[in-house]
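Report on the structure
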Amino acid sequence: MFQVGDTVVYGNNGICKVEDVGQLKLSSMTNNRIYYTLIPIYDTNGKVFVPVDNKKVFIRHAMTKEEITDLLGDLPDLEPMWIADERGREQEYKNAISSCDCRKLIQIIKTLHSRKKQREEDGKKVTMVDERYFHMAEEKLYGEMAVVLGIDKDEVGGYIQEFLEKKQDERNE
């Protein structure tokens, strides 16, 4: 069970703070269910009420700095998702996004980066579906990493690049 003050990742809402845990005090609510009250970090005007026994939408603790370091260390070995079927590809992207699994988000980003590069080389435009899922994966991953690392979301790409360059330099020594 999550505690007040915990930082969690919740479905499509992304990174959130647990503001409260308890019964909702609404006149229309007659059940005795316990709920998390979540405040999305990047939408401080929003509140999300999630039953503690929720099974439909994935919720987990945010990564730690050590888990981010491990994830970035594994980044070169994470294979892109290659799915030939357009409908199957979009469904895989949806599943990966809703899983809140950072490794799957990286796979989406790597896949769509490669697809974009290939399409541009072929003189084609990036598809709207690819663009949408690339943005969604990047927003979720970078948002979580920014909060945990205490940096601005716009700085995460540079942080990752710097991390990878440092690892490459260490391997070359």
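Let's talk about unusual backbone geometry
Of note, Cys100 is a non-glycine position whose phi angle comes to about 60 degrees, a positive value. Looking at the element boundaries, Cys100 is found in the loop between α2 (86-99) and α3 (102-121).

Focus on the sheet that holds strand β2 (residues 14-22)
Read from one edge to the other, the open sheet built from 5 strands follows the order β4-β3-β2-β1-β5, with strand pairing classed as antiparallel. Strands with a single pairing partner mark the edges of an open sheet, and in this sheet they are β4 (48-51) and β5 (59-61). On average, each strand axis in the sheet is inclined to that of its neighbour by 40 degrees, with strand direction left out of account. Pairing analysis gives 3 bridges linking strand β1 (residues 7-10) to β5, with the strands arranged antiparallel. Looking across to β5, one finds that Tyr10 is bridged to Ile59. On the sheet, helix α4 (residues 128-149) packs against β1, β2 and β5 and is oriented at approximately 65 degrees with respect to β2.

Quick word on the pattern of salt bridges
The tally for this structure, following the rule as stated, stands at 8 salt bridges. Asp53 is paired through a salt bridge with Arg33; the nearest N and O atoms lie 2.8 Å apart. In this pair, Asp53 is assigned in the loop between β4 and β5 and Arg33 in the loop between β2 and β3 (35-40), connecting sequence segments 20 residues apart. With its nearest N and O atoms 2.6 Å apart, the salt bridge here joins Arg115 to Asp130. Here Asp130 lies in helix α4 and Arg115 lies in helix α3, a separation of 15 residues in the sequence. For Arg115, a relative accessible area of 12% translates into the label buried. Given the relative accessible area of 3%, Asp130 is considered buried.

Structural notes on the pairing of β2
On a regular strand, one side chain projects to one face of the sheet and the next to the other, so that they alternate. Here β1 pairs with β2 via 4 bridges, running antiparallel. Residue pairing across strands places Val8 opposite Cys16, the latter belonging to β2. Between β1 and β2, which follow one another and run antiparallel, lie 3 residues, and Gly11 among them has a positive phi close to 40 degrees. Judged from the 6 bridges that link them, β2 and β3 form a sheet pairing that is antiparallel. Within β3, the residue paired with Asp20 across the bridge is Thr37.

About the cut-offs
Residues numbered from 1 in each chain as written. Predicted model: local features only at pLDDT ≥ 70, side-chain atom pairs only at ≥ 80, totals over all residues. Heavy atoms only, no water. Helix = DSSP H or I, 4+ residues; strand = E, 2+ residues; numbered from the N terminus. Pairing = 2+ DSSP bridges. Axes fitted to C-alpha atoms, helices over the stretch in contact; angles between N-to-C directions. Contact = heavy atoms within 4.5 Å. Salt bridge = Lys/Arg side-chain N within 4 Å of Asp/Glu carboxyl O. Buried < 20%, exposed > 50% of the residue type's maximum accessible area, 1.4 Å probe, protein only.

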